[in-house]
Amino acid sequence: MKYTNPFISENPWNYSWCYSAMPLTKKRSPDGQSEEQGRYLQANSREFNTVFAYPNNTIKTSKYNILSFLPLNLFEQFQRLANAYFLALLVLQLIPQISSLTWYTTVVPLVVVLTITAVKDAIDDLKRHQNDNQVNNRPVLILKNGRVECNKWMNIHVGDIIKLQNNQPVPADILLLSSSEPGSLTYVETADLDGETNLKVKQAISVTSDMEDNMLLLSAFDGEVKCEIPNNKLDRFVGILMYKGKSYSLGHDKLILRGCIIRNTDWCYGLVIFTGPDTKLMQNSGKYTFKRTNTDHLVNVFVLWIVVLLVCMCSVLAAGHYIWELKTGYYFQDFLPWSKYVTSPAVSATLIFWSYFIILNTMVPISLYVSVEVIRLGNSCFINWDQKMYYAPKDMPAEARTTTLNEELGQITYVFSDKTGTLTQNIMIFKKCSINGVSYGNVFDRKGEKVDISEKTEKVNFSYNKLADPKFSFYDNTLVEAVKHGNQQVHLFFRSLSLCHTVMSEEKVEGELVYQAQSPDEGSLVTAARNFGFVFHSRTSETITVVEMGEPRVYQLLAILDFNAVRKRMSVIVRTPDDRVVLFCKGADTIICQLLHPSCRYLQDVTMDHLDDFATEGLRTLMVAYRELDSAFFQAWREKHSEACLSSENRERKIAIIYEEIEKDLTLLGATAIEDKLQDGVPETIATLEKAKIKIWVLTGDKQETAVNIAYACNLFEDNMDEVFIMEGQDFETIRQELRSARHKMKLDPTLESYLLTSKPKPFFRILEEVPNGNFGMVINGYSLAYALEGNLEVELIQTACLCKGVIFCRMTPLQKAQVVELVKRYKKVVTLAIGDGANDVGMIKAAHIGVGISGQEGMQAMLSSDYAISQFRYLQRLLLIHGRWSYIRMCKFFNYFFYKNFAFTLVHVWYSYFSGFSAQPVYDTWFITFYNMIYTSLPVLGLSLFDQDFNETWSLRFPELYEPGQHHLYFNKREFVKCLVHAFYSSLVLFFIPMGSVYNSVCNNGKDISDYQSFCLMVQTALLSVVTAEIALKTTYWTMLTHFFIWSSLAIYFCISFFLYSDGLCLLFPSNFQFLGVARNTLKLPQMWLTLFLTVLLCILPVIGYHFLKPLLWPIGVDKVIERIHRCMRQPQLLLIQPKQKRPTCRRSAYAFSHQHGFGALITSSKTVKSPLYAKRVFSFQK
């Protein structure tokens, strides 16, 4: 109220008892680190503050430096078991007594893999270094030696006094000392902290505000601050300022946090409290963790399995060698002499064990990881090159900022999304209104039929109003005509909108007004009134100046009855220029309808019908009403209000009762409808993702009302839901009862429920998937969540939330967002994705398996911390359902095929050992072993893993159910691995014994024996390559000219290289390295060779063809039905019915979302916002 000063906690008290038990030193924590117990600092005294070793303001998000890069990166890479395995294998190959292959066959691929990965990591970290340097080297004004000096952010220290100017970001957490605004107010935007772009107000205490910008006083200021230790609570700060022998309490309303932006304030000074990693923004940013995909973890497990299998195989073969040497080889030493270091069959068997370990290492070839890196890089490039994810207005394509997580995009089950800037554009647009029973905003053609508004629709011409906002658009000319013709009800409606608000105006250039509103809704309403001729121009603590149809009118501001979450309305009481006292009120329709005079019943019914129509379009609505007051009645009410404000007990309740006395018997003026503009395609994207069985949870720092409105607008919540549970308990027991009640309504399994309520969850406890008995949603705020995360209540929370179709978490801190993501990861065996656009989303982006950053209005922090960057939420469906699904299927096919071809390749050695005295002699030519993975099978693998598609992008988007196999890991798992092993075992038997049988005791046409070692090797390796090529051809579902080239050219390359390697010239020049003289031309003309080739290919692929045919019939999975539907639609396109877009059939009215705080009302009426006498004179002259 204008006659009541706001309560400001600046009276001197003795707060020393608060810190009597708090030592002002640091003690050692159990891990040996210094642990701060309480912060103590002195202004303008670096010497004093240095004693406590507070960190400077440098921010470091990079992982490496020049010295640590090589050892740290190698350490990380050798955490991958396969790399460690090949390093050990390399060491073994350097021992000549056991090496059956040359050392360079392992070291070259290993170095290539390590180098490619290191270069990629170095490039990624270099980008982080560049971003850190950009932030740390930003300019800032620091007070030193009585004058302000320009310095860098990283040189700020605790205790410094810094100067900030309008539109400048805040570099550290500072205590506000003074500002250019009246009452030392400072307006800040906190979008990077809580996602809200509306302004917050901070106010300095009077003992420092009097210093203003006096350099002498600021330099002499030596106040001491005792406060809490650095923490991540954005809405809490406790401390005291001791200055000139007095103590002053400090709260979070005096602290401006790093990440805020100064708005509508020319300058302000602040004392630095927290710097760098101690700031609340960085405390909430979370830690970077090295992300690996599920397939990486599985491959690590399979590597262990293979190593164990390899050891077992080598042991069996070594035992066979021991028996052979003992019974046979010992007596043939004249022909097969032992080496000098072999003294017995046991020693020979031990050495043979390691020889077989080396020769059979191809079960896990190093080329596997080279291929994986190339495939992931290629699929990342496809994401970067996707023109359908290019956003022209910002000239921004999609970007894969990491190349290691592509297939994980095809396995997402939970999406955690920010709201502001991610789902919405945070733009409020005045779309329609209802005034005195007439609805405005629709457009009709000459026939009187309603026309949909598009870009071609003609806009209303506001040229008659010189103060109109050129960005404002409206399409119904009938409302403008009503204003021009002087319709009294229409004028009164817009007069109400221009007066009933707490917006602050600024006119830096004459005729160009800039509004600063705590809520975007309120700003849009004032802008609408401005364009229709009722321009809110300026305000003082006692007046509001409105330019009505070109004529300035000054209203005396008598009272502001501010908004709060319970009232859901606000009112102003003004004295008009014609000396009438009028109350204007706006608020939620459910509240206003209860306050209307009975004579408004008919108008109320008509307006409610209009509100239903507005709600059908998903618009946010509020009602507008007024009441003309008798002067005597108002004076009596004012006295009651003064008494209530001065009351020391139940003050807020008494004030609320007084408000209700005057806010009644209102006359209805009409209603407004505002569009909280969603990003393009958000509802359609959410609907598509839900069809893919992806659950979407919205995690926002915004208020509950706004979050729920958006949930309905984007179809995350629906009107036909059985129930939406609101969790708003303020203590542990209440939250527990709310969760149990919700689970009971969803009919949770009683067995599991009793387990959850009576037992403490184990560290690796996983919550099983359950199907609720209906369609439910849940809303929970950050305060209640803090209790829900305690003890075993978190299990009940996650169990209840996972049963809901959609979940909204509101009023959350950045740390709580990350905690919710970690909670799902801990108790659900699923892949998670977090998407956001602000610095307050960085924590959850880092915590999720996949982090997606959006280039929004809240800066680039989210993008810089993300794994993938897109510019619009709607691109998420292409990222997941197309690129993610294709990448997952391709990678699964790659791993299955790669393990198969290498198992088949390796196991042939085992069967050959029974015919070679277990001597570790390879069954293939050495050059074939070298080229098998690097050349002969590399092109088909790349063709399959880069270009294969089971269905094109049109079918992938039309049938999102195709995404489901990835969520359940159906295409690559332990069962599939065992199937590969069994298939390879069978194929290796065919590949060895069919050639063996075809050449056994066989002769050529000239009578020469053909069962020699070289010919047999060529037949086996040719049959092997033909079989694996046929196998990959069966796996390929998307055939192009490029695919044909990649697959069949491998066979052509093999035959060309074979003729070259086995040519006379090469064998004669290098006889020790090329020992297969003329084998190719002699063997390939034999009929036994082609018979072997035909039989091996036929016998190896027949079981595969039979399995693929019988599997959908005998062991179908859910996606098989979808595939059958697609095939039917391909055969009969008329079966593909295109569903027309339907308007959301809702009757739910999304209420006007005021700010969650009390607004500027108390400050406006407290005389604290009066600009200056000069400013008052300018307004007065304008009024004249």
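Here is what the cut-offs are and how they apply
Residues numbered from 1 in each chain as written. Predicted model: local features only at pLDDT ≥ 70, side-chain atom pairs only at ≥ 80, totals over all residues. Heavy atoms only, no water. UniProt positions renumbered as here; feature names shortened; annotations may be inferred. Pairing = 2+ DSSP bridges. Helix = DSSP H or I, 4+ residues; strand = E, 2+ residues; numbered from the N terminus. Phe/Tyr/Trp six-rings, centres within 6.5 Å; stacked < 30°, edge-to-face > 60°. Buried < 20%, exposed > 50% of the residue type's maximum accessible area, 1.4 Å probe, protein only. Lys NZ or Arg CZ within 6 Å of the ring centre and 35° of its normal. Axes fitted to C-alpha atoms, helices over the stretch in contact; angles between N-to-C directions. Parallel < 35°, antiparallel > 145°, perpendicular 65-115°, else oblique. Contact = heavy atoms within 4.5 Å. Nonpolar A, V, L, I, M, F, W, Y, C, P; charged D, E, K, R; others polar.

The name an unreviewed UniProt entry assigns to the protein is Phospholipid-transporting ATPase, from the organism Erinaceus europaeus. Entered under Catalytic activity (unreviewed entry) in the UniProt record, the comment concerning the protein runs "ATP + H2O + phospholipidSide 1 = ADP + phosphate + phospholipidSide 2."

Enquirer: Could you clarify how one ought to interpret the sheet that holds strand 31 (residues 695-699) in this entry?
Expert: One key point about sheets: their strands pair by backbone hydrogen bonds, in either a parallel or an antiparallel sense. Reading across from one edge, 16-37-36-35-17-31-34-33-32 is the order of the nine strands in this open sheet, with mixed pairing throughout. Of all strands in the sheet, those bounded by a partner on one side alone are strand 16 (399-400) and strand 32 (723-727). Pairing of strand 16 with strand 37 (residues 868-870) involves two bridges; the strand directions are antiparallel. By the bridge assignment for strand 37, Glu399 is matched with Ala869.

Enquirer: So what exactly am I meant to see when it comes to the packing of aromatic side chains here?
Expert: Enumeration over the complete set of coordinates arrives at 70 aromatic pairs. Between the aromatic rings of Phe903 and Phe977, the centroid separation amounts to 5.8 Å while the plane-to-plane angle is 80°, which identifies the pairing as edge-to-face. Placement of Phe903 in helix 28 (residues 875-913) and of Phe977 in helix 33 (residues 974-999) is noted, with a sequence separation of 74 residues between them. An identical accessibility class is assigned to Phe903 and Phe977; each is buried. Judged by centre distance (4.9 Å) and plane angle (90°), the ring pair of Phe992 and Phe993 falls under edge-to-face. Given the relative accessible area of 0%, Phe992 is considered buried. A relative accessible area of 39% places Phe993 in the partly exposed class. Site record: aromatic cluster; members linked through ring pairs are Phe302, Trp305, Phe894, Phe895, Phe898, Phe899, Phe903, Phe972 and Phe977. Positioned above the aromatic ring of Trp153, the side-chain terminus of Arg138 is 4.9 Å from the ring centre. The residue whose ring lies beneath Lys226 is Tyr40, and the NZ or CZ to ring-centre distance is 5.5 Å.

Enquirer: Where do I start with the packing of helix 28 against helix 29 (residues 926-936) in this structure?
Expert: Helix packing for two helices is described by the angle between their axes and how far apart those axes are. In the contact formed by helix 28 and helix 29, the axes pass within 12 Å of each other and the chain directions differ by 170°. When the axes of helix 28 and helix 29 are compared, the pair comes out roughly antiparallel. Side by side, helix 28 and helix 29 meet where Phe898, Lys901, Asn902 and Phe905 of the first sit next to Phe928, Ile929, Tyr932 and Asn933 of the second. For the contact of helix 28 with helix 29, the per-class residue count stands at five nonpolar, two polar and one charged.

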